[in-house]
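Structural characterization, general
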Amino acid sequence: MMPVVGADLSKRLVPDELWELAAPLLPSFAARPQGGGTAPCDERAVFTAVVYMLTSGCAWRHLPPTFGTSPATAHRRFTVWTEAGLWRRLHRAVLDELGARGEVDWTSAIVDAASVRAQRGDR
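One structure accompanies this document, and this report is about it. As the structure is a computational prediction, the values presented were derived from the model and not from experiment. (Residues numbered from 1 in each chain as written. Predicted model: local features only at pLDDT ≥ 70, side-chain atom pairs only at ≥ 80, totals over all residues. Heavy atoms only, no water.)

Time to look at the overall build of the chain. When its secondary structure is counted, the chain shows 5 helices and 0 strands. Traced from its N-terminal end to its C-terminal end, the chain shows the element sequence α-α-α-α-α. A total of 123 residues make up the chain; the buried ones form 23% of that total. For the chain, the share of sequence-separated contacts (at least 6 apart) that also reach a separation of at least 24 residues comes to 65%. For the chain, the accessible surface area stands at approximately 9,200 Å², while carbon and sulfur atoms represent 56% of it. (Helix = DSSP H or I, 4+ residues; strand = E, 2+ residues; numbered from the N terminus. Buried < 20%, exposed > 50% of the residue type's maximum accessible area, 1.4 Å probe, protein only. Contact = heavy atoms within 4.5 Å. Areas by Shrake-Rupley, 256 points an atom, 1.4 Å probe, with all protein chains shown as cover.)

In the structure shown here, the tally under the stated rule is 7 aromatic pairs. Plain terms: the ring middles of W19 and F47 are 5.8 Å apart, the flat faces sit at 55° to each other, and that makes the pair tilted. Taken together, the positions of W19 in helix α2 (residues 16–22) and F47 in helix α3 (residues 43–56) put the pair 28 residues apart, joining distant regions of the chain. There is no split in this pair, since W19 and F47 are both buried. In textbook terms, an aromatic cluster arises when at least three aromatic residues are bridged by ring pairs, as seen for W19, F47, W60, F78, W81 and W87. (Phe/Tyr/Trp six-rings, centres within 6.5 Å; stacked < 30°, edge-to-face > 60°.)

For the rest of this paragraph, the subject is the nonpolar core. In this structure, F47, L63 and W81 are the most contacted members of the largest nonpolar core, which totals 18 residues. Those elements that place two or more of their residues in this core are α2, α3, α4 (71–83) and α5 (86–100). With 7 residues, the single largest contributor to this core is α3. The contacts of L63, once residues within four sequence positions are left out, are A49, Y52, M53, C58, T69, S70, P71 and A74. (Core = buried A, V, L, I, M, F, W, Y, C linked by side-chain atoms within 4.5 Å.)

A word on the environment of V50. On the secondary structure map, V50 appears in helix α3. In sequence terms V50 and T73 are 23 residues apart; their C-alpha atoms lie 9.7 Å from each other. Beyond its immediate stretch of four places on either side in the chain, V50 contacts W60, A74, F78, W81 and W87.

Between two packed helices, both the angle of their axes relative to each other and the distance between the axes serve to describe the pair. Contact geometry for α3 and α4: axes closest at 9 Å, N-to-C directions at 85°. Classified by the angle their axes make, α3 and α4 are roughly perpendicular. Here E43, V46, F47, A49, V50 and L54 of α3 come into contact with α4, specifically with T73, A74, R77, F78 and W81. Residues of the contact of α3 with α4, tallied by class, amount to 8 nonpolar, 1 polar and 2 charged. (Axes fitted to C-alpha atoms, helices over the stretch in contact; angles between N-to-C directions. Parallel < 35°, antiparallel > 145°, perpendicular 65-115°, else oblique. Nonpolar A, V, L, I, M, F, W, Y, C, P; charged D, E, K, R; others polar.)

Let us now look at the environment of R44. With respect to the helices and strands, the residue R44 is situated in helix α3. Along the chain, R44 and W19 lie 25 residues apart, while their C-alpha atoms are 7.3 Å from each other. In terms of polar contacts, R44 uses its side chain to reach the side chain of D16, at 2.9 Å. (Polar contact = N/O pair within 3.5 Å; in protein donor to acceptor, adjacent residues only side chain to side chain.)

Structure below.
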């Protein structure tokens, strides 16, 4: 039996360890009692599709169907997640996890800073 390429790619893009960190950080989407709104979908599939889009540089409209979600859904969730600060929180969670394992080497780091002229004390 031939392996499923989409499943292999999905596991490489979002391994179980990353999903375990990301899943609790995702905003929840609930169906509205009156109907309409966001349809339930496989959050991991959508997250994986978004990771694929961000790492491949592919246009949203060219999202391969093997991810199991539409380009519109992936883009909508990306927008909501970005507005909710998901990427900053996920970055922190990954660093915390790696730090707890002793897998972050802080002996070399780049700090991004801006220089701003100091104001005089009388202002």
